[in-house]
Amino acid sequence: MECRQFEVTLICANNLPDVRELGKMKVYAQVSVKGHSNSVWVTPVDRERKTNPYWNCKIKYTLPEIAVQKDGVILVIKLYCERSLLPDKYVGEVNLSLKKLFDCGFSQENLEYDVDRNDADGIFGKLKLSYDFAKTKITVSKSESSLRGQVLEAVGHGVLHAVIHGAIHIILH
């Protein structure tokens, strides 16, 4: 199966709404490929910058080539405020089509996207990120493709790596 490496770097968010009534905001991002629970990665929590968190966290995926050729494969970045006693509170999210990102170029830096909420209208801050698609495709062997959707490895500090295969193919057909 032909695949392509994809790396997204979540740099920071700015001007997020303060969703806490007491205490200070401690924000993290949860990144996934929509519909694939085994593609979820979480950034470290920024405990210092409140409504302007900074992560500079790199997340790597190995995606089937079809994921960047057809619409329907969405990178979901949800922002949450960590809380001690209650469940973490939803701050907002950014949804990005992998095909549209790929069509804009192999690599883009310091892009800003509006943070939306699925329960309210308006803009709820900005998310800054960079991304990079490998220029060359790789072929995943049958033994590797049997790891569909499984985590391959954590690469270095702050770099997360996952492989997404057959399930994306199902979404697109």
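Above: the structure in question.
Since the structure is predicted, the reported quantities are computational estimates derived from the model, not experimental observations.

### Brief notes about the sheet that holds strand β6 (residues 89-97)
Reading across the sheet, the four strands line up as β3-β2-β5-β6 and stay open at both edges, with antiparallel pairing between neighbours. Looking at the sheet topology across the chains shown, the edges are occupied by β3 (41-42) and β6. When strand β5 (residues 74-81) meets β6, the two strands line up antiparallel, connected through eight bridges. Of the residues in β6, the one forming a bridge with Ile-77 is Val-94.

### So, the nonpolar core
If you look at the biggest cluster of nonpolar residues, it comprises 36 residues, and the most contacted ones within it are Phe-6, Ile-77, Leu-79 and Leu-127. Element by element, the count of residues in this core is highest for strand β4 (residues 54-64), at five residues. Here Leu-127 is in contact with Leu-10, Cys-12, Ala-13, Trp-55, Ile-77, Leu-79, Val-94, Leu-111, Glu-112, Tyr-113 and Val-115, once residues within four sequence places are set aside.

### Some details on the pattern of salt bridges
Counted under the stated rule, the structure contains eight salt bridges. The partner of Lys-126 in a salt bridge is Asp-114, and the shortest N-O contact between them spans 2.5 Å. Highlighted residues: Lys-126 in strand β8 (residues 126-133) and Asp-114 in strand β7 (residues 107-114), separated in sequence by 12 residues. By relative accessible area, which is 32% here, Lys-126 ends up partly exposed. Judged by its relative accessible area of 29%, Asp-114 is partly exposed.

Reading guide: rules and limits
- Residues numbered from 1 in each chain as written.
- Predicted model: local features only at pLDDT ≥ 70, side-chain atom pairs only at ≥ 80, totals over all residues.
- Heavy atoms only, no water.
- Pairing = 2+ DSSP bridges.
- Helix = DSSP H or I, 4+ residues; strand = E, 2+ residues; numbered from the N terminus.
- Core = buried A, V, L, I, M, F, W, Y, C linked by side-chain atoms within 4.5 Å.
- Buried < 20%, exposed > 50% of the residue type's maximum accessible area, 1.4 Å probe, protein only.
- Contact = heavy atoms within 4.5 Å.
- Salt bridge = Lys/Arg side-chain N within 4 Å of Asp/Glu carboxyl O.

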